[in-house]
Amino acid sequence: MTQSDIKKGALLVLNSGSSSVKFSIFQLDADGAEGVVPLFAGQLTGIGTDAHLKAKSEAGEKLADESWATKDEGTVPSILPHLLTWIETSLPADLPLIAAGHRVVHGGEVYDKPVVVTPEILKQLESFSPLAPLHQPQNVAAIEALAKTRPDLPQVACFDTAFHQGQSDLCSIYALPKRLTDQGIRSYGFHGLSYEYIAHYLKQEMPDLAKGRVVVAHLGNGASLSVLEDGKSIETSMGFSALEGVPMGTRPGSIDPGILIHLMREHDMDAEDLEKLLYRESGLLGISEISNDMRDLQDNPDPRAQLAVDYFCSRVAKQIVSLAVSTGGLDALVFTAGIGEHGPIIRKKIGDYLNWIGIRIDPARNDANASQISEDGSLPVYIIPTDEEIMIARHTLNALSV
Ligand code: ADP
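Residues numbered from 1 in each chain as written. Predicted model: local features only at pLDDT ≥ 70, side-chain atom pairs only at ≥ 80, totals over all residues. Heavy atoms only, no water.

1. Description of the nonpolar core
If you look at the biggest cluster of nonpolar residues, it comprises 39 residues, and the most contacted ones within it are L219, L225, F312, I320 and I350. When residues of this core are traced back to their parent elements, those giving at least two are β9 (213-219), β10 (223-229), α11 (294-297), α12 (303-326), β12 (332-336), α14 (344-353) and β13 (381-383). When residues in this core are grouped by element, the largest group, ten residues, is from α12. Counting residues in hydrophobic clusters, the runner-up holds 32 residues, among them V36, I98, Y195 and L228. (Core = buried A, V, L, I, M, F, W, Y, C linked by side-chain atoms within 4.5 Å. Buried < 20%, exposed > 50% of the residue type's maximum accessible area, 1.4 Å probe, protein only. Helix = DSSP H or I, 4+ residues; strand = E, 2+ residues; numbered from the N terminus.)

2. Description of the packing of aromatic side chains
Per the counting criterion, the structure on display carries four aromatic pairs. When the centroid spacing of 5.0 Å and the interplanar angle of 15 degrees are considered together, the rings of Y111 and F159 count as stacked. Linking Y111 in the loop between β6 (97-104) and β7 (115-116) with F159 in strand β8 (residues 155-159), this pair joins segments that are 48 residues apart in sequence. Taken as a pair, Y111 and F159 share a single burial class, namely buried. (Phe/Tyr/Trp six-rings, centres within 6.5 Å; stacked < 30°, edge-to-face > 60°.)

3. Thoughts on the pairing of strand β11 (residues 232-236)
Two elements, β10 and β11, share four bridges in a ladder whose sense is antiparallel. Counted as the bridge partner of E229 is K232 from β11. The antiparallel hairpin formed by β10 and β11 contains two residues in its connecting segment, where D230 sits at a positive phi of about 50 degrees. (Pairing = 2+ DSSP bridges.)

4. Notes on the side chain of N139
By the element assignment, N139 lies in helix α3 (residues 136-149). On the basis of relative accessible area, N139 is assigned to the buried category, the value being 4%. In contact with N139, not counting residues within four places along its chain, are S16, R103, V104 and V105. (Contact = heavy atoms within 4.5 Å.)

5. Notes on a negative patch on the surface
Side chains of D268, D270, E272 and D273 sit close together on the surface and give a patch of like negative charge. Looking at where D270 falls in the secondary structure, it is placed in the loop between α8 (257-266) and α9 (271-280). Owing to a relative accessible area of 42%, D270 belongs among the partly exposed residues under this scheme. (Patch = residues over 30% accessible without salt bridge, like charges linked within 9 Å, V, L, I, M, F, W, Y side chains within 5 Å. Areas by Shrake-Rupley, 256 points an atom, 1.4 Å probe, with all protein chains shown as cover. Salt bridge = Lys/Arg side-chain N within 4 Å of Asp/Glu carboxyl O. Lys, Arg positive; Asp, Glu negative; His and termini not counted. Charge placed at Lys NZ, Arg CZ, Asp CG, Glu CD.)

6. Some details on the sheet that holds β8
Within the open sheet, the eight strands sit side by side as β5-β4-β3-β2-β1-β6-β8-β7. Their pairing is mixed. The sheet is open, and its two borders are formed by β5 (62-67) and β7, each paired with just one other strand. Note: strand β1 (residues 10-16) against strand β2 (residues 21-28), seven bridges, orientation antiparallel. Looking at the pairing, L11 lines up with F26 of β2. Against the sheet, α3 makes contact with β1, β6 and β8, and its axis sits at roughly 165 degrees relative to β6, the strand it touches most. (Axes fitted to C-alpha atoms, helices over the stretch in contact; angles between N-to-C directions.)

7. Regarding the pairing of β8
For a regular strand, side chains alternate in direction, first toward one face of the sheet and then toward the other. Most of β8 is tucked away: five of the five residues are buried. Pairing analysis gives five bridges linking β6 to β8, with the strands arranged parallel. Along β8, the bridge assignment pairs V104 with F159. Where β7 meets β8, two bridges bridge the pair, whose relative direction is antiparallel. Residue pairing for β8: V116 is matched across the bridge by V156.

Here you go:
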C-alpha cells in the first residue's frame, strides 16, 4: 500500500492503561500537510469498578457521557470490542476504520520507530514487560484484544522510548558493570512521542531554532525533560524506568539508591512495596501530604505545599542546566504538558532559578500562557502544547504506507 492508495478512512489511536483507555479518532486528509485531522476523542474510565464512557467531537460537542458498568467482565481487553463497536457506529458510513495506532511504553533496544504489529512482534513486545511492568502488559493486552476481535485491522505500535534511541553511550549508560549495560540496564527515556511532536513542530514553525539546542520540559503528572539538537534527542532525564529525573505527582524523581537498600534491610520492604512507594506515594503528594495535583499546591499557603512546589521547580531548573551540559549550551527552552502549558506560577519559579543563565520570564506573557513567555532579549522560552495522539496517528498512517 502506498500513501496515495490510502485516501479515505479513519484511524483509531489508543492509549490503554490498567483500568482506563483514552482514544482519539482521526480522519485521513490526503490534501492536508499533516495527513490526518482529529474527529472525536474520549475515554473509558473506571473499568472493573464503575466503567464510564465520555467522548467529545473535535468541536467540543458531547458525544457520550454514560455508564458502561454492565458492558463487560471488568477488564480493558474485555471492554475493548464494545468500545470498537461504539466508535464504528459513531463514524459516518463512508469513513471506515482502516487501522489502529497504539501508544506502547517500551520498544526495548530494538525499535527506533513505529512498527506494524504481527503475532511475532507482539510476542517480542510482551518480552519487554519486565522493563515496564506497570504499563507494557496493558499495552500488549489491548493490541491482542483488538487483533482477536478485528484480525484484519492493521495495528501499529508507537513507542515512548523510540525517539531517544540513538543517544550516545555517554548520555545513556549508567556507571554499572558493563555486563549489566550489555543486558539492557541503561537509560531508555520516555515521553518520546511528545518530544517528537515538539521537534516536528519546531522544524515546521521555527526551522532555524529547530537546528539548535532546545531543552523541552514535559511537565505533566508524569514529568521529564529532554535536550534536542537538530531535532534529535541528545539526552533525557528519565532513564531505565519512568522514575528517574525530576519529581512528579506521585514519583520522587532521582533519589539516592542507598535509600532503597536501607528500606529493604531496615523496613523489610520488597519489590512490590518499593514499587508502591515510588510510583504512587512519593513526589508532590509525598512531600505535601495534600495532593499530587499542582493546582492544589501552587498557591496553597501550607508550608508543606510550598516546599513541594519549590522542590519541584528547583529540580526542574537543575535538570535544565544539567541537560545543557551535553549540548554545550542552550538556544531555547520549551514548556509543554499540563503544568508546562497551563502553570504560570510554576514556569515563573523555574525561570527565577535560571536568571543567571539569561532566562527572564515576562510576567504578562507568562500569565497569558502566550506562545513566547520570555522577555525580549532573554534566552527565548516558549510554550508549545504537545499532541501525542496526532503523532501516533501520523506514525500509523506512515507505517501503513511503506
Ligand atoms: P499526564 O502526565 O497524566 O498526561 P497532563 O500532561 O495532562 O498529565 O498534566 C496533568 C497535570 O497538569 C495535573 O496533575 C496538574 O498538576 C497540572 N495542571 C493542569 N492544569 C494546571 C494549571 N492550570 N496550573 C498548574 N498545573 C496544572
